[in-house]
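# Tertiary structure, described
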Amino acid sequence: MKYILVTGGVISGVGKGVIASSFGTILKCCNIHVTSIKIDPYINIDAGTFSPFEHGEVYVLDDGGEVDLDLGNYERFLDITLHRDNNITTGKIYQHVISKERRGDFLGQTVQVVPHITDAIQEWVERVANQPVSQDGTKPQVCIVELGGTIGDIEGMPFVEAFRQFQFRVKKENFCCAHVSLVPQPRATGEPKTKPTQASVRELRGLGLSPDLIVCRSENPIGQTVKEKISNFCHVAPEQVICIHDLSSIYRVPILMESQGIVEFFNDRLQLNIPMPPPRRFMQKWKDLAERVDTLRKDVTIALVGKYTKLEDSYASVTKALQHASVAAGYKLNVKYIEAANLENATKMENPVQYHEAWQQLCKSDGVVVPGGFGKRGMDGKMEACKWCRETQKPFLGICLGLQAAVIEFSRNVLKLPDADTTENEQNTPNPVVIDMPEYNPGSMGGTMRLGKRYTLFTESNSILKQMYGKKDRIEERHRHRYEVNPKFVPELEAAGMKFVGHDEDKIRMEILELEGHPYFVATQYHPEYLSRPLKPSPPFLGLILSSVGKLPSYLARGCRLSPRQLSDDDSDDDDVPPTMLKDNLLTPDSGNSYTVSHCQTSSQSPNMPKENVEKNTSLFTEGQSSKGSAPKDVSN
């Protein structure tokens, strides 16, 4: 097993997650099987109880693990399925060691940070690194470990010491350290400053780890002179200094890395036996995808009505799922983040400018997403958005709490139950259309929800989402919720036109709703964004984008296929496309619960070009950059 440790310096949020994911992407293109581990030095057992303002979204895995959003980056970049143990926290390590001490496993020894905590970290990394994460069950060859935070943080010291020992445990040829550091460029001088990087590397070396690779993050490209200066002062060769500046899209990061000789370095340093030189079309799929994204000319605007919009990372997976769908449909995504509370009448009285600006943004959008969340704040605003989409025939997608908001709004305004509510917000409501579940334990908040991958069964053969999923009878998606639609109100809701077209295996929990007579009013209790991939967009998100640009009816009529003409910049009617062109369609249902891109065509290509010029590799995986934020002082629910 080979290990690549990624550390960060100067500031947090410098892009370690993207750098680590790009390392894995490049190695995977070399037919190397890769896995990833994210270390978060906080004492929380997992990310499940975090406020989204504190650390961004909570990402959910197949096994129900609530983890850091960077694991979502890894899954999307590498198309792998990680486990809850791939996210290590200080809380998990100490809990593990203390449990062993209580059982008497240490035979009366004094339990200390060194060696007991550091040994536990090393054993955990070795164990998890050997767990298969790909669909074929192949054992990984390389494990990329990202150490969260910044070198010098007191809470990260045990992990740094653990890896200082670990490099000798696994031998030099199996361990590589990459240090990601910021190179600021003050506007006063415009000159890149290397002192922060020098100080960061000096501190890392003082703790016993010498970086084999220094990745310099900067706003603008860094010249060769600065690169050589970092090389001289940080005790590495010039080819071991990689410069990554801000790029037009995140898809270009692996391409830029590869152009600076990263494959040759890893091949030599870790003795990977990768055939050199790389094939002529090596990384071509990334170049094609990056070019396609940069040449999209038509726009689609989606309003995201949420509770945590002050930090965009709170909805990282939702935003990426929208991007995946819009790129597949041939549109450039424009997301408008709308604070749900700003749509409420209370805001109209307190801050009318903010109120009218929020409604103006909502009205200008092509489609609306109402994502998940917890608590009462902003709930009325979410229901206002649901009502407006329902009444104006605006394409709508509700996720988790978004489904519950749509049900409550429909109950109040269509079923004429003005006091309909969720027991989460009003425990004694006379019409509890949304209720808590048996799994929910009010005495313990962590890990007590309905979590992880569950089956959803379709009940109606002609539902939009069943068609979008390839007319399957059942699908698997990831869940994270404590409340559900009250089954007692389902017959009344369905009689009024709100159809629950998907439910769980016991036919108790409502999983999917669709509104009769609406072009696209869909909501899911599960979180489809967690399984979205760049060229395997999530069906509910793809349906929202297609409906928002007016292409969903023809897409469904074609058997869920998009023709090349639909993806071009020609907005003319596409109904005259001859049937013979169907073999060149872009999106076709695959064996999973998503869609695979078979032929990717950029806007600059002609449908008459040779087939070999338009065929693209389907295994494209990428994701956005995480930027951790800090919580406001008055963080509410």
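The structure presented is a predicted model; accordingly, all values stated were derived computationally and were not measured.

Per-residue confidence for the protein averages 84 on the pLDDT scale, and 87% of its residues sit at or above 70. This model gives residues 571–637 a pLDDT under 50, and the stretch forms 176 contacts once residues within four places in sequence are excluded.

Strand order in this open sheet of three strands is S14-S15-S18, and the pairing throughout is mixed. A strand with exactly one partner marks an edge of an open sheet, and here the two such strands are strand S14 (420–422) and strand S18 (483–485). On average, each strand axis in the sheet is tilted by 25 degrees relative to the strand beside it, whichever way the strands run. Across three bridges, the pairing between S14 and strand S15 (residues 431–436) is parallel. Bridging across to S15, Asp-421 finds its partner in Pro-432. Where helix H16 (residues 401–413) meets the sheet, its contacts fall on S14, S15 and S18, and the angle it forms with S14 comes to roughly 165 degrees.

Here a ring pair, both rings aromatic, is described through the centre-centre distance and the interplanar angle of the planes. The final tally for this structure, using the stated rule, is 12 aromatic pairs. With centroids separated by 6.3 Å and ring planes inclined at 75 degrees, the aromatic side chains of Phe-166 and Phe-175 adopt a geometry described as edge-to-face. Classification of Phe-166 as buried rests on a relative accessible area of 0%. You can call Phe-175 buried: its relative accessible area is 3%. Feature note: the residues Tyr-3, Phe-163, Phe-166 and Phe-175 constitute an aromatic cluster, connected by ring pairs. Across the ring face of Trp-124, the terminal group of Arg-127 is positioned such that the distance to the ring centre comes to 5.1 Å. Note that Arg-474 overlies the ring of Tyr-455, its terminal NZ or CZ placed 4.4 Å from the centroid.

This part is about the environment of Met-498. With respect to the helices and strands, the residue Met-498 is situated in strand S19 (residues 498–503). Considering only alpha carbons, one finds Met-498 and Ser-411, 87 residues apart in sequence, at a separation of 9.8 Å.

Taken together, Tyr-94, Ile-98, Val-113 and Val-114 make up a surface patch of nonpolar side chains, about 320 Å² in accessible area. Put simply, the parts of the chain that give the nonpolar patch at least two residues each are helix H4 (90–103) and helix H5 (113–129).

Across the sheet, which stays open at both edges, the nine strands sit in the order S11-S10-S12-S13-S21-S20-S19-S16-S17 with mixed pairing between neighbours. The sheet is open, and its two borders are formed by strand S11 (332–339) and strand S17 (474–481), each paired with just one other strand. Strand-to-strand twist across the sheet, computed as the mean angle between neighbouring axes with direction ignored, equals 30 degrees. Bridging between strand S16 (residues 450–458) and S17 involves eight bridges; their strand directions are antiparallel. Opposite Arg-450, over in S17, you have His-481 as the bridge partner. On top of the sheet, helix H12 (residues 316–329) reaches strand S10 (299–306), S11, strand S12 (367–370) and strand S13 (396–399); it is set at about 150 degrees to S11, its chief contact. Along the sheet, helix H15 (residues 379–392) makes contact with S10, S12, S13, strand S20 (510–515) and strand S21 (521–524), crossing S12 at roughly 145 degrees.

So, about the pairing of strand S2 (residues 34–40). Of all seven residues that make up S2, seven are buried, and the element is covered over most of its length. Where burial is concerned, the two faces of S2 agree: the one with Val-34, Ser-36, Lys-38 and Asp-40 and the one with Thr-35, Ile-37 and Ile-39 are both buried. Across six bridges, S2 lies against strand S6 (residues 142–147) in parallel orientation. Within the sheet, the bridge partner assigned to Ile-37 lies in S6 and is Val-145. As defined by bridge partners, S2 adjoins strand S5 (residues 87–89) across three bridges and the pair is classed as parallel. In the strand pairing of S5, Lys-38 is matched with Asn-87.

Rules and cut-offs
Residues numbered from 1 in each chain as written. Predicted model: local features only at pLDDT ≥ 70, side-chain atom pairs only at ≥ 80, totals over all residues. Heavy atoms only, no water. pLDDT = per-residue confidence, 0-100. Contact = heavy atoms within 4.5 Å. Pairing = 2+ DSSP bridges. Helix = DSSP H or I, 4+ residues; strand = E, 2+ residues; numbered from the N terminus. Axes fitted to C-alpha atoms, helices over the stretch in contact; angles between N-to-C directions. Phe/Tyr/Trp six-rings, centres within 6.5 Å; stacked < 30°, edge-to-face > 60°. Buried < 20%, exposed > 50% of the residue type's maximum accessible area, 1.4 Å probe, protein only. Lys NZ or Arg CZ within 6 Å of the ring centre and 35° of its normal. Patch = residues over 30% accessible without salt bridge, like charges linked within 9 Å, V, L, I, M, F, W, Y side chains within 5 Å. Areas by Shrake-Rupley, 256 points an atom, 1.4 Å probe, with all protein chains shown as cover. Salt bridge = Lys/Arg side-chain N within 4 Å of Asp/Glu carboxyl O.

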